[in-house]
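# Reading the structure
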Amino acid sequence: TPTLTVEAISDVNEAGAASVAVSGHSTRFETTDTLTIKAVDTDNKEVTQTTTVAALGKWNVTLDVSGLKDGTIAVTVNGTNDLEAPAKEAGTTFTLTQTKPTVDDSQTSINPTHAAAGESVTITATFDKGVTTPIGSTLGTAAINWTAQSGTQTQWVGTAEVASVADSVKSVALTLQGFEDAAGNTGVEYTLDNALAITPTLTVEAISDVNEAGAA
């Protein structure tokens, strides 16, 4: 009886979904024999590719699984040799994660909601799944300094010192970027215009002393 094996496949993110390398070994197959490799998601949607056995019984193929659903992907290999003897199906699984992390704007805030240049504000950024530190994020032109946390987190808290702006500027934008999920998918950059109101200012000119003639 011929045999087939398939090598373990590392978890796959969006960047690698279009070209997942699948390989394995075989015995009692000729180099003209065809093997069928399938990848199936949890909705039973599948992609199929065929290949032939190479020297020393090795085989390999590249699968495009970008159209499959995120989650566990089952990979199988089947084949029958030139003597019509079928091998027992071999298989493995891997986790596919293509969905990019996004900001949950309903749970993202700045406190206080208005501030003057030089004042410090706290930014709470919330995401739809755990992400790495949002490096390079800004409030206006000011960098946000995030409180250190290990691994990926669904919420990050940081502070920023409000930068000076022109007198005509009434608010500044919040930009969140530079974050990835645990699978390595780069998050969708988020910008909230008018995120922080700049505290308005008033001045009053000096007034000279007033006598009876000018009092009215």
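Because the structure is a prediction, the values reported are computed rather than measured.

### A look at the sheet that holds strand β17 (residues 190-198)
What holds strands together in a sheet is hydrogen bonding between their backbones, with the strands either parallel or antiparallel. Read across the sheet, five strands follow the order β10-β17-β16-β12-β13 without closing on themselves; strand pairing throughout is mixed. Each edge of the open sheet carries a strand with a single partner, namely β10 (114-115) and β13 (142-143). Where strand β12 (residues 138-139) lies against β13, two bridges are found, and the strand directions are antiparallel. Bridge pairing in β13 links L139 to A142.

### As for the side chain of T126
With respect to the secondary-structure elements, T126 resides in strand β11 (residues 120-131). Taking the relative accessible area as the measure of exposure, T126 reaches 9% and is therefore buried. For T126, the side chain forms a polar contact with the main-chain oxygen of Q107, separated by 2.7 Å. A polar contact is formed between the side chain of T126 and the side chain of Q155, at a distance of 3.0 Å. If we ignore the near neighbours within four places in the chain, the residues touching T126 are T102, V103, D104, Q107, T108, T154 and Q155.

### A word on the packing of aromatic side chains
As enumerated under the stated definition, the model contains one aromatic pair in all. Seen from their ring centres, F127 and F179 are 4.7 Å apart, and the 55 degrees between their planes marks the pair as tilted. Note that F127 is positioned in strand β11 and F179 in the loop between β16 (171-176) and β17, a separation of 52 residues in sequence. Each member of the pair, F127 as well as F179, carries the same accessibility label: buried.

### Section: unusual backbone geometry
If a residue is not glycine, its phi is most likely negative; likewise, a peptide bond is most likely trans. Here the bond from N111 into P112 is cis, since omega is -5 degrees, no more than 30 degrees from zero. As for its position among the elements, P112 is in the loop between β9 (109-111) and β10. Look at N194: it is not a glycine, yet its phi comes out positive at around 55 degrees. For N194, the position within the fold is in strand β17.

### Remarks on the environment of E180
Tracing the chain through its elements places E180 in the loop between β16 and β17. Considering only alpha carbons, one finds E180 and P101, 79 residues apart in sequence, at a separation of 7.0 Å. When near neighbours in sequence (up to four residues on either side) are disregarded, E180 contacts P101, G130, V131, T132, T152, N185, T186 and G187.

Rules used throughout
Residues numbered from 1 in each chain as written. Predicted model: local features only at pLDDT ≥ 70, side-chain atom pairs only at ≥ 80, totals over all residues. Heavy atoms only, no water. Pairing = 2+ DSSP bridges. Helix = DSSP H or I, 4+ residues; strand = E, 2+ residues; numbered from the N terminus. Buried < 20%, exposed > 50% of the residue type's maximum accessible area, 1.4 Å probe, protein only. Polar contact = N/O pair within 3.5 Å; in protein donor to acceptor, adjacent residues only side chain to side chain. Contact = heavy atoms within 4.5 Å. Phe/Tyr/Trp six-rings, centres within 6.5 Å; stacked < 30°, edge-to-face > 60°.

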